[in-house]
Amino acid sequence: MSAEVSFTIDTPLGSRSTSVTYRREGSGEPLLLLHGIGHHHQAWDPVFDLLAADRDVIAIDLPGFGASPALPDGVSYGLATVVPVLGALCEALGVDRPHVAGNSLGGLLALELGREKLVRSVTALSPAGFWTPSERQYAFAMLRTMRRAAALPLPVIERMSRTAAGRTALTSTIYARPARRSPAAVVAETLALRNAPGFEQTLLAGQGVRFTDDVPGLPVTVAWGSKDRLLVRRQGVRAKLTVPDARLVRLPGCGHVPMNDDPALVTRVILDGSRPVAAAPVRPTIQLA
């Protein structure tokens, strides 16, 4: 079940209260899960229980997405603001330097948390921030197209979700195997995209974002779906060049949001990437072909 936590953040206008919706289950070392733009914490449902068998898993709705309210008025959705908000969230939840896994926007945030040494390890699934200007423009255009499609009347969305062809039309931009998604999940994530108050402000804040710094001293895994249609997989090679010690993993047959396309593989990648440092296995890098 989802819960909500309220906490105080520093803003240009002084201290303000905000809240975040999250789901937390399992035991072991803490693992924070961060979804992509326009999504919600249920994006992690295909792997949540598998991860919770080994970790204290916390999947959140980022501020302004899912059931989490927008950030207070006047507060930017830029990395310099959202990363400290996530740090304050962890403190409110009593979590000290969790492992973190993120997808897309969540992957970029995970890497920033790692750069700030706020986490123990980073697993980034198709993280944003390794694009060229034209690749970023293409991705943002695709996201806006998806959001316009999400504005269809609810009965139309529900009817489309009941067929494989309809689920493909609604979600094939982010899933390689959209027909596997349940009708209820497709409806819920389509509405989450439509109703996200942080969507446009996050895109605006991302206009000039590129991740150009190394993340030294932490285990970092970068994984990319071979069928990612939103952030093409050559961006994974740039990520490896930027973070030379990162483990680069190919996710065969997976799209931009790989948790649904291959839950077992994604679970294994996250668990391997979030093992205690002393016990972390030495694994070869898997280059993206």
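In what follows, the structure referred to is the one given above.
Sequence positions are assigned chain by chain, starting from 1 and proceeding in written order. Local features in this predicted model are restricted to residues of pLDDT 70 or higher, and side-chain atom pairs are both shown and tallied only at a pLDDT of 80 or more, whereas totals for entire chains, interfaces and linings draw on every residue. By convention in this description, side-chain values take in all heavy atoms of the structure and omit both hydrogens and water.

(A) Highlighting the overall build of the chain. Helix and strand labels come from DSSP, where a helix needs a run of H or I of at least four residues and a strand needs a run of E of at least two; each type is numbered from the N terminus. Broken down by element type, the chain carries 11 helices and eight strands. We compute the radius of gyration from the C-alpha atoms alone; for a globule the expected value is 2.2 Å times N to the 0.38, where N is the number of residues. In terms of overall dimensions, the chain is globule-like: its C-alpha atoms have a radius of gyration of 18 Å, near the 19 Å expected for 289 residues. Viewed in the frame of its principal axes, the chain has a C-alpha envelope of about 50 × 50 × 40 Å. Across the 289 residues in the chain, those meeting the buried criterion constitute 56%. Each residue is assigned to one of three classes by its accessible area relative to the maximum for its type, calculated with a 1.4 Å probe on protein chains only: buried under 20%, partly exposed between the two thresholds, exposed over 50%.

(B) Highlighting the pairing of strand E1 (residues 2-11). Any two strands are treated as partners once DSSP identifies two or more bridges connecting them. Sheet analysis places E1 next to strand E2 (residues 14-26), joined by 10 bridges and oriented antiparallel. The residue bridging Thr 8 from the neighbouring strand is Ser 17, located in E2. The antiparallel pairing of E1 with E2 creates a hairpin that spans two residues between the two strands.

(C) Structural detail: the nonpolar core. Ranked by size, the top nonpolar core spans 86 residues in total, and within it Leu 33, Leu 34, Trp 44, Ile 60, Leu 86 and Leu 109 carry the most contacts. With eight residues, helix H2 (residues 79-92) is the largest single contributor of residues to this core. Whether two residues are in contact is decided by their heavy atoms, any of which lying within 4.5 Å being enough. Ignoring any residue separated from it by four or fewer positions in sequence, one finds Ile 60 in contact with Val 20, Thr 21, Tyr 22, Leu 32, Leu 33, Leu 34, His 35, His 41, Leu 86 and Leu 89. We call a set of buried Ala, Val, Leu, Ile, Met, Phe, Trp, Tyr and Cys residues a nonpolar core when their side-chain atoms join them within 4.5 Å.

(D) Up close: the environment of Ile 157. Its location among the elements puts Ile 157 in helix H5 (residues 154-161). When the C-alpha atoms of Ile 157 and Pro 183 are compared, they prove to be 9.5 Å apart, with 26 residues separating the residues in sequence.

(E) Summary view of helix H4 (residues 133-149). Its 17 residues place the ends of H4 25 Å apart at the C-alpha level, agreeing with the 24 Å of an ideal helix rising 1.5 Å per residue. Those residues of H4 that fall on the buried side of the exposure criterion are Glu 135, Arg 136, Ala 139, Phe 140, Met 142, Leu 143, Met 146 and Arg 147. Viewed along the axis of H4, the buried residues span an arc of 160 degrees, placing them on a single side of the element. Exposed residues on H4 whose side chains face more than 90 degrees from its buried face are Pro 133, Ser 134, Gln 137 and Arg 148. Contact partners of the buried residues in H4: helix H6 (164-171), helix H7 (183-195), helix H8 (199-205) and helix H9 (234-242). A helix is expected to reach a length of 1.5 Å times the quantity of its residues less one. Here, the arc refers to the directions that run from the helix axis to the C-beta atoms.

None of this, on its own, says anything about what the molecule does.
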